[in-house]
Amino acid sequence: MTLIDFNSILPVILLVVWALVMLLLDVWFGKRVPLLTPVMAVAGLVLSLAASLYQIGQQASAFNGMIRVDGFSIFLNNLFALSGIVAIGLGYDYLKRVGISEGEYYVLLLFSISGMMLMGSAGDLIIVFLSLELLSIPLYVLAGIDHKRDASREASLKYFLLGTMASAFVLFGIAFVYGAAGTTSLYGITEAVSQGKVQQFLLICGSALLLAGFGFKVAAVPFHSWTPDVYHGSPSSVTAFMSVGAKAAGFAALIRVFSLNFTAIAIELTPLFWVLSALTMIVGNVVAVAQTNLKRMLAYSSIAHAGYILMAFVGFGDAAVRQNSIASALFYLAAYALTSLGAWSVLVAVEQQDGSGNEISDLAGLGKTAPSLAAAMVVFMLSFTGIPLTLGFWGKFYLFRTAIEGGFTYLAVAGLLTSLVSVFYYLRVVVKMYFQPGEALAHKGRLTSLIATILAILVVGLAFVPGYLFNLAAAGLIAGA
Amino acid sequence: MNSAINPLLLVTFFPLVGVLLILLLGSTGKNTARWIALLTSLVTFALSLWLLMQFDSTKGGIQMEINLPWLTLGGNTVGFHLGVDGISILMVLLTALLTPIAILSTWKAVEERVSGFMSFFLLLETGMMGVFLSLDMVLFYIFWEFTLVPMYFLIGLWGSQRRVYAAVKFVLYTMAGSLLMLAGILWVGLTYGGFDLTKLTDSAIPFTAQLWLFGAFGLAFAIKVPMWPLHSWLPDAHTEAPTAGSVILAGVLLKMGAYGFLRFNLPLFPQATLTLAPWMAGLAVIGILYGAIVAFRQKDVKRLVAYSSISHLGFVVLGTFALTAQGVQGAILQMVNHGLSTGALFLIVGMLYERRHTRLMADFGGLWRVTPLLGSLTLVTVLSSVGLPGLNGFVGEFTILMGAFHSTILASPWFAVVATLGVILAAVYLLHMFQQVFLGPVRHPENEKLADLSPREVILLAPLLLLAFWIGLYPAPFFRLMSPAVEQLLALIQTVVQTAH
């Protein structure tokens, strides 16, 4: 292993080693010093974040092209580390309250994040598969960490069974692509394609299977059926992380693999993406309207947002818009991450010990009983809707802009109309909190409120100066794409 | 005069100073928040007068422009671009005038969460100013959509019984239009290389695209105005909103739609405008008659005034799409007139409601004897809304009708002729309302002891009615202010007419 190799996966290595040490420390001291594990987990993530910030501006290929460091991987690494820190903060309050005192929570979270980071910098299909497993298996366990509750166990099992099937799809797809190109290296495949040495048919089959597998991870319709149940059953702090991390990792794989390897067959794939995106937006938003449970509503809303991101990616075959298409997806992921983590943190604050309190009607009166929490929730709902002066607006603006630039005006109009549908259910939350009398209970967990407030301030504040984040996203290039 | 501080920036963002102060000091008491809000909005009004003084009414085109790059996005720059011309300055003045009046009107009416109410109101003022002054399409859209948020809360939190329904309906209707407008903005911006409005007017957009874009932008504006048949959100929103909300909704927010037509549809899509003008005028005429007839059937005074808005705004749209100097000038003046007289009418409805906690005409009757001052001021307001010569409504409507009558683009005097029926109907339903509420014997004993207007309430109505007389008797300064901008706009349309022939 050379120094370049080591540097390239520094954020990942740090996390993995750190998590292993934590596992031991938790066994030895975890009972006596309960604060030790969460604090160490945050410290580990901060170190990893520092390592990934240190990489900014670098471009490298390591481990014989298995690992790529570029703007894309760095942007996502930061995103994963930051949402991990938020998830730990949320988990700390929440786990204590619902009586899950498992140090594994933090360790598993770290393992999962290391898998996500690896996914962001994958340069080879084998790495893609490895990191998919590395990020998923801890999540299966985390979904069931509240093992005293049936719902949590059910969520874990469902996620596991369907997740494994998705992994099988990915693996099968990789096999096809290998059969077509004779290599699993993403850059090797690109080269083989440009030299015309691939079997078109096998490549299309492989890409379709990969799309199905990744579509499961990002919760795109029709691969979304697990989402509401898993989001609903898992402990809220886990779902908060899952809704951001797993989705971003899925998109990381999708974007990297497709924009590198499958641009040559984009003509065949574009209609597929078009339909997938439109379906996801329509089903996600329309079904969300019918939900009465906040967790399930947010689950369907996360499906809908996957549809929006896919919309940017429909035009990936067009070299002129590819950079914008990647950058707008990254920007939207960041905006979505802040908003979604925020909305879930409010949910964490209102959820009761017995797992109740997450019906939308339970929020009635929150505007009076917990004004700052409710105000933060308004910000998140507006940002999800895409109302100006929230980051969500710029996210949608950039996405729709990219879709129209790519010539997919009808798709953009479909997206705009579905976001009109979304206004209805997002506003219902606001209506409940402010316009209807009630005695919503909110826990006075300081950390959770603090996180919600900080995220709300970021969502509004960054909307005034989105240029910085735009530039970061625009620097999120995939080398060679 | 210090040129370092742009008056436009001050007018737009000064209300935010008030919001900040309320957030810092609001907990000290309801009156603190009220006074901060009132003083902030009065200073904003003073600033808008200062803006008027610096405005050179002999020149057309944009003045006091401020253009800063805000962000770049995939090669397109979004600019922080503000500017004022003869059309927008009147809207700015109207906004700055109506906001303090609306705030003063809530002195007794809003007792709950006063600091919240006042903060939303000042935020709304900033949003409205931004809409009228933006010259960048994205910036315009941001302000346009942003006005939804405070208005949603104003209706939803401080409205009457069916407020939640009305608030959600208001947002959904507006968003339905504006989301398509966003698609239009993006398409124009991407195809013609920028979102800057001043640079886009020269770009020759092909005719078919113009038709589509006219539809995308026009739908957003038509919903806001509202034009028949997209009006159904308005009676609900007006009826359920608190008095101050209704005043601003009728006085300013509806004008954003009419202003949008003038600022976007006419200069950017002139060919489509020419083709569609008779259709738009036709819808406007239907709206005029429909609003008037439905208003006549109302039992609730506030709903009646709401439907009268649909009728009156129909005149504005008719004048706009007459595409003659008279028509457009009349439309702009009528926008101001409607803000004054309907604003005053909503204030009066609010005063009646505060006294009796009902808005049904059947619950009143004979109030003239009990409250003569309220009665006489209401009569003046009603007559101004009806369009009695010597008052503002007459000048606006007459100019519009003349413009529509002679319009070569509408090419038929029938639009004006049928619309004139609307003027007659307005007299019918408004005087009917006046008679029901103020004339005849006192039918209900509760009404015997109603208090007449307090000095605060007289102060509310006085500036509106004084302006109504001023515009009615000597409208020349107002026309002078807008005529260079209108001429410029119509010259642009005229070149298209000539190239078409």
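Heads up: the structure comes first, above all this text.
Let me begin by describing the structure that accompanies this report. This one's a predicted model, so the numbers in the text were calculated from it and none came from an experiment. (Residues numbered from 1 in each chain as written. Chains lettered and ligands numbered in written order. Predicted model: local features only at pLDDT ≥ 70, side-chain atom pairs only at ≥ 80, totals over all residues.)

Some words on the overall build of chain B
Part 1 of the reasoning: Helices and strands together make up the secondary structure of chain B, namely 20 helices and two strands.
Part 2 of the reasoning: Relative to a compact globule of 501 residues, whose C-alpha radius of gyration would be 23 Å, chain B shows 22 Å and is just as compact.
Part 3 of the reasoning: Principal axes of the C-alpha set define a box for chain B whose edges measure 70 × 55 × 45 Å.
Part 4 of the reasoning: The burial tally for chain B puts 61% of its 501 residues in the buried class.
Part 5 of the reasoning: The long-range share in chain B, meaning contacts at least 24 apart out of those at least 6 apart in sequence, stands at 80%. (Helix = DSSP H or I, 4+ residues; strand = E, 2+ residues; numbered from the N terminus. Rg over C-alpha atoms; globule rule 2.2 N^0.38 Å. Buried ≥ 20, exposed ≤ 12 C-beta atoms within 10 Å, placed from the backbone. Contact = placed C-beta atoms within 7 Å.)

Some points on the overall build of chain A
Part 1 of the reasoning: On a plain count of helices and strands, chain A comes out with 20 helices and two strands.
Part 2 of the reasoning: Its C-alpha atoms give chain A a radius of gyration of 21 Å, within 12% of the compact-globule value 23 Å for 481 residues.
Part 3 of the reasoning: Its C-alpha atoms put chain A at 65 × 55 × 40 Å along the principal axes.
Part 4 of the reasoning: Considering only contacts within chain A whose residues lie at least 6 apart along the sequence, 80% involve residues at least 24 apart.

Description of the pairing of strand β2 (residues 76-84) of chain B
Residue and element names in this part refer to chain B.
Part 1 of the reasoning: In this structure, strand β1 (residues 63-73) lies alongside β2, joined through eight bridges in antiparallel fashion. Looking across to β2, one finds that leucine 68 is bridged to phenylalanine 80.
Part 2 of the reasoning: The hairpin formed by β1 and β2 contains two residues between the paired strands, and glycine 74 there has a positive phi angle of roughly 50 degrees. (Pairing = 2+ DSSP bridges.)

Digging into the interface of chain B and chain A
Part 1 of the reasoning: Counting residues at the interface gives 24 residues for chain B, matched by 26 residues for chain A.
Part 2 of the reasoning: Contributions of two or more residues to the side of chain B that touches chain A are made by β1, α5 (137-146), α6 (148-158) and α7 (163-191) of chain B.
Part 3 of the reasoning: The greatest single-element share of the side of chain B that touches chain A, amounting to 13 residues, is contributed by α7 of chain B.
Part 4 of the reasoning: Of the residues that constitute the side of chain B that touches chain A, the class distribution is 21 nonpolar, two polar and one charged. (Nonpolar A, V, L, I, M, F, W, Y, C, P; charged D, E, K, R; others polar.)

Re unusual backbone geometry
Residue and element names in this part refer to chain B.
Part 1 of the reasoning: Between valine 225 and proline 226 the backbone carries a cis peptide bond, its omega angle lying at -15 degrees.
Part 2 of the reasoning: Along the polypeptide, proline 226 turns up in the loop between α9 (207-224) and α10 (233-240).
Part 3 of the reasoning: Following tryptophan 228, the chain continues to proline 229 via a peptide bond in cis, the omega torsion being 5 degrees.
Part 4 of the reasoning: Locating proline 229 in the fold gives a position in the loop between α9 and α10.

Observations concerning the environment of tyrosine 259 of chain B
Residue and element names in this part refer to chain B.
Part 1 of the reasoning: With respect to the secondary-structure elements, tyrosine 259 resides in helix α11 (residues 243-268).
Part 2 of the reasoning: Spatially, the C-alpha atom of tyrosine 259 lies 8.3 Å from that of phenylalanine 221, the residues being 38 residues apart in sequence.
Part 3 of the reasoning: In contact with tyrosine 259, other than residues within four places in its own chain, are Met91 and Phe132.

Thoughts on the environment of leucine 52 of chain B
Residue and element names in this part refer to chain B.
Part 1 of the reasoning: Among the secondary structure elements, leucine 52 is positioned in helix α2 (residues 30-54).
Part 2 of the reasoning: Here the alpha-carbon distance between leucine 52 and isoleucine 89, two residues 37 residues apart in the chain, equals 7.4 Å.
Part 3 of the reasoning: Among residues more than four places away in sequence, those in contact with leucine 52 are Ile89 and Leu93.

So, the packing of helix α17 (residues 392-406) of chain B against helix α19 (residues 455-473) of chain B
Angle between the axes and distance between the axes are the two parameters that describe a pair of packed helices.
All names here are of chain B.
Part 1 of the reasoning: Put simply, α17 and α19 touch, their axes get as near as 6 Å, and they point 45 degrees apart. It follows from the interaxial angle that α17 and α19 lie oblique. Contact residues: Asn392, Phe394 and Val395 in α17; Ala468, Ile471 and Gly472 in α19.
Part 2 of the reasoning: A class-by-class count of the residues in the contact of α17 with α19 yields four nonpolar, two polar and no charged. (Axes fitted to C-alpha atoms, helices over the stretch in contact; angles between N-to-C directions. Parallel < 35°, antiparallel > 145°, perpendicular 65-115°, else oblique.)

Topic: α11 of chain B
All names here are of chain B.
Part 1 of the reasoning: Along its 26 residues, α11 runs 36 Å from first to last C-alpha, staying within 8% of the 38 Å computed at 1.5 Å per residue.
Part 2 of the reasoning: Within α11, the axis deviates most sharply at leucine 249, by approximately 40 degrees.
Part 3 of the reasoning: Across the 26 residues that make up α11, a large majority, 25, are buried. (Expected span 1.5 Å × (residues − 1). Bend = angle between axes of the 7 residues up to and from the residue.)

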